[in-house]
Every structure is written in C-alpha cells, then in structure tokens.
Amino acid sequence: MQCTTLKDIIKIASTRFGEQFDLLNIDIEGLDEEAIEDMAEWSCMPKVLMIEIYAEDIKELMMKPSVNVITSNGYALTQRNGHTAIFERLN
C-alpha cells in the first residue's frame, strides 16, 4: 500500500477547498501527535480538528506538547470523547 504524509493530504485539500475545510479526524495509531508537528506549515486548516491524545484527565491532556501545537495554531479545545480531543478553529 502506498503511503502519503498528512501534509500532502492537506495540500490536496487546499487545492479543492481553499484556505479552510470543515473537519479533519486524525487517527493513525500512535503517530497522531507526530503528524501535527508541522501544522504551522499546512496550506489550509480545518474548522474542526479531532485527534487521539492519550491522557488520564483534562489536566494531563492540556500539558501535552501536541495540545500546545494545536492551540498555538488558532484552535481551542472544546470537547473530549474518550481519547479523542476535539478542537475548533477560533477565527
């Protein structure tokens, strides 16, 4: 099976949707946090971002580096369902 990067998928989305699209659900079995490290370089952003982040509680979740990456790129944590954290774009 041929693989591609999330950054390349975002590039494809930008050609179809422009600067923003509605939803991105990242669930890549333990590689989720690595997949967003270059988020500042994405050519377009989802309105809602769902990503698995393993944490026992909200306090631990908020300390995760991936949450810092996401919030520093204009998102706020709005919900959590199991290990899936749901962020909404602020602007």
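Residues numbered from 1 in each chain as written. Predicted model: local features only at pLDDT ≥ 70, side-chain atom pairs only at ≥ 80, totals over all residues. Heavy atoms only, no water.

*Asks:* Help me understand the overall build of the protein chain, please; the structure alone is not making it clear to me.
*Replies:* Looking only at helices and strands, one finds 4 helices and 4 strands in the protein chain. The order of α-helices and β-strands along the protein chain, N terminus first, is α-β-α-β-α-α-β-β. Its C-alpha radius of gyration of 13 Å places the protein chain within 12% of the 12 Å reference for a compact globule of 91 residues. When its C-alpha atoms are laid out on the principal axes, the protein chain stretches across 35 × 35 × 20 Å. Here the protein chain, with 91 residues, has 34% of them falling under the buried criterion. For the protein chain, long-range pairs separated by at least 24 residues make up 56% of all intrachain contacts whose partners lie at least 6 apart in sequence. Accessible surface computed for the protein chain: about 6,000 Å², of which carbon and sulfur atoms make up 51%. Charged side chains in the protein chain number 8 positive and 16 negative. The centres of these two groups are separated by 6 Å. (Helix = DSSP H or I, 4+ residues; strand = E, 2+ residues; numbered from the N terminus. Rg over C-alpha atoms; globule rule 2.2 N^0.38 Å. Buried < 20%, exposed > 50% of the residue type's maximum accessible area, 1.4 Å probe, protein only. Contact = heavy atoms within 4.5 Å. Areas by Shrake-Rupley, 256 points an atom, 1.4 Å probe, with all protein chains shown as cover. Lys, Arg positive; Asp, Glu negative; His and termini not counted. Charge placed at Lys NZ, Arg CZ, Asp CG, Glu CD.)

Geometric values such as these leave the question of function open.
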